[in-house]
Amino acid sequence: MILLLGRCGLERLAEPLRALGHEVQVAAWTQTELVGLLQPELVYVDLFDWDSVIPLVSAVLAGEEPQVELEPLQAVVAALRGAPVVYRGLRPPPGGAFGLLASRPQRALEAALGSLRGVVAQERVLDVAALWARWGFATDQVAHGLGHGESHEGAAAEAGWLHALWVAKTRGPVKCLVVDLDETLIHGELVDEAFAKRNPAYLPRGEEPQGTVLEGFWRLKRGLHEALRVARSRGIVLAVATRNDPQVLAARWRKRPPLADGDPGLYAETYAGLDPEAQARSFAAHPQVLERLALGPEDFVIHEAGFGPKSAACRRIAERLGVSLDALAFLDDSPFEREEVRSGAPEVHVLEGSPREVRERLLTGAPFQVWEESAGAGVREASYRSRAAVLDASEAPAQEPEAALERFLAGLELVVGVRAALPEDLPRARELLARTHQLDLTGRRPALEGDLESLRAAGTRLYLGWCRDRIADHGLVALGVFHGARLEAWVCSCRVLPHRVAGTLLGEMLRREPGAGLERVETGRNAATLGLIEASARPAPWVQVEH
């Protein structure tokens with residue numbers, strides 16, 4: 001269920017949300033008690049209705065000082081704290097026709113609107129005005145005068161973004177985005193003789209630069225690279241699947257060194273009016289800008305290069321990462337490749353549409369949203385790299401493969417530990433419950449709504465397990481939820497499945513809850529937990545436990 005708390009501005013969202021399959025309730029913005037009664041999965045609140053905004057505009061038009069009443073708004077925010085809430089952003093009004101007020105009243109209006117924005121500054125806010133602008137829906141202030149910016153045409157877009165946030169809240173984002181190289185991430189093909197000229201951000205081994213640093217920036221597919229970096233910041237790892245020889249890929253797909261060349265190239269006129277020192281400072285800054293934006297081989301956890309089906313490449317990537325196929329998304333400019341993946345790996349999310357539509361989906365689409373950030377997002381990529389290294393070791397030829405793997409694990413210097421949850425751990429705890437399937441002991445998904453104190457008062461104890469090795473700090477990778485005298489739920493990130501630390505982490509949690517009842521419940525996806533309870537009896541010999 002989605003609960004809409006507001007006035008007429010939210011009524012029009014109910015129909016498109018219902019069309020997306022949601023049960024929807026609409027009530028006044030002050031009816032916060034409904035959150036406890038209805039237990040909605042998402043609450044959307046509009047605090048900035050007519051009564052909040054229009055009195056400010058009418059005051060400045062009358063030459064009066066606008067009086068901002070914040071207490072009722074702050075009371076609603078306080079009452080909803082801990083609930084799954086999204087606030088509808090302020091739609092800035094004009095001050096009279098086109099906002100052409102004199103400077104003093106304009107400043108007064110902007111200050112008053114800033115006070116309103118401050119009420120939800122620390123909350124999750126949907127920037128509705130920016131969403132409408134992105135889709136080309138204008139708010140006609142000439143026709144509507146003092147109206148505070150409503151776009152009836154934008155209802156479907158607003159409902160779609162709410163749906164994406166609901167998916168992020170209830171299911172979580174995809175775990176890996178598989179990206180094609182030729183004509184997708186780069187212009188043309190990697191093997192083209194003119195590759196470096198068309199893509200000056202890259203410099204194949206043994207070649208001289210064929211464009212300036214500035215040309216490298218402007219010729220880059222900047223919108224796509226930026227959107228992919230946003231996905232990485234949300235904890236989605238990147239992999240590349242390309243129809244190129246692996247050796248050619250390694251030799252030619254190389255970012256140019258972040259060195260200033262002092263040459264504006266085609267853009268010389270832009271800097272013609274600057275004095276030499278200012279020019280030099282600008283040119284010195286350009287390489288780092290390009291370095292921070294352009295994606296290179298080091299930004300992709302796995303490189304699948306070869307000439308087989310892309311669906312098979314997706315399956316290998318999923319296996320290397322230890323995730324299911326439905327945790328993968330696939331981006332390729334070729335309709336043939338997209339259709340082949342749909343046929344050969346139908347579980348994979350295949351991105352369709354124009355470059356603009358692809359960018360829109362990466363930034364706001366349902367499979368790529370995160371509900372709340374956690375410390376786990378920052379370490380996930382290094383953790384997957386560590387997992388791949390363990391798999392490489394386990395697949396290397398050896399006369400005694402099990403003994404060789406245990407020697408490798410011992411050399412990884414694995415250290416684990418368990419501690420009671422802290423208030424700041426709750427986002428990561430919810431993320432682990434939502435995203436984990438293979439190392440899920442019970443299949444149960446207890447709701448962890450509210451704060452840690454309220455959970456403890458209800459008899460729920462949470463423990464988090466962490467892991468690190470000499471390659472990566474994996475962060476918080478395991479969660480145990482104890483309620484009463486039993487282990488209600490236990491999950492561990494698949495990233496550390498090959499490291500064989502799950503049994504040790506489970507054992508350490510059980511030692512903190514002696515006598516707790518536990519069981520393994522078959523889910524159809526958790527075969528990796530077979531034997532886990534037995535393995536928890538003693539720490540693995542290649543693991544050091546830190547108390």
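Numbers given for residues are sequential positions, taken from 1 along each chain in its written order. Predicted model: local features are reported for residues with pLDDT of at least 70 only, side-chain atom pairs are reported and counted for 80 or more only, and whole-chain, interface and lining totals are derived from all residues. Computation of side-chain values: all heavy atoms of the structure, hydrogens and water removed.

When the centres of two rings from Phe, Tyr and Trp lie within 6.5 Å, Trp using its six-membered ring, the rings pair. Their planes under 30 degrees apart give stacked, over 60 give edge-to-face, and anything left gives tilted. Throughout the structure, instances matching the rule amount to 6 aromatic pairs. Seen from their ring centres, Tyr271 and Phe283 are 5.3 Å apart, and the 65° between their planes marks the pair as edge-to-face. You can see Tyr271 sitting in the loop between α12 (246-252) and α13 (276-293) and its partner Phe283 sitting in helix α13, a full 12 residues away along the chain. With respect to burial, Tyr271 and Phe283 carry one shared label: buried. Every member of this aromatic cluster is reached through a ring pair, and the members are Phe217, Trp218 and Tyr267. The lysine or arginine in question, Arg124, covers the ring of Trp371, its NZ or CZ lying 3.6 Å from the ring centre. Secondary structure elements follow DSSP: runs of H or I of four or more residues count as helices, runs of E of two or more count as strands, with numbering from the N terminus. Remark: exposure states derive from per-residue accessible area (1.4 Å probe, protein chains only) relative to the maximum for the residue type, with buried under 20%, exposed over 50%, and partly exposed in between. Put simply, a charge is over a ring when the Lys NZ or the Arg CZ is close to the ring centre, within 6 Å, and near the line of the ring normal, within 35 degrees.

This part covers the packing of helix α11 (residues 222-233) against helix α16 (residues 355-364). Contact geometry for α11 and α16: axes closest at 9 Å, N-to-C directions at 15°. As the angle between them shows, α11 and α16 are arranged roughly parallel. Crossing geometry of α11 relative to α16 is assigned as left-handed. For the pair formed by α11 and α16, the contact residues are Gly223, Leu224, Glu226, Ala227, Leu228 and Val230 on the first element and Arg359, Leu362 and Leu363 on the second. Taken together, the residues of the contact of α11 with α16 sort by class into 6 nonpolar, 1 polar and 2 charged. Angular values range over 0 to 180 degrees, each being the angle between N-to-C directions of two axes fitted as lines to C-alpha atoms, with helices fitted over their stretch in contact. Roughly parallel refers to an angle under 35 degrees, roughly antiparallel to one over 145, roughly perpendicular to one between 65 and 115, and oblique to any angle outside these ranges. Rotating anticlockwise by less than a right angle from the far helix to the near helix defines a left-handed crossing, while the corresponding clockwise rotation defines a right-handed one. Any pair of residues with heavy atoms lying within 4.5 Å of one another is described as a contacting pair. Throughout, the ten residues Ala, Val, Leu, Ile, Met, Phe, Trp, Tyr, Cys and Pro are labelled nonpolar, Asp, Glu, Lys and Arg are labelled charged, and all others, Gly among them, are labelled polar.

What follows covers unusual backbone geometry. Of note, the phi angle at Gln39 is positive, near 50°, even though the residue is not glycine. Along the chain, Gln39 turns up in the loop between α2 (33-38) and β3 (42-45). Take Gln39: its relative accessible area is 56%, and that puts it in the exposed class. Backbone geometry at Glu183 places phi at a positive 65°, although glycine is not the residue there. Structurally, Glu183 is set in the loop between β6 (176-179) and α9 (195-198). You can call Glu183 partly exposed: its relative accessible area is 36%.

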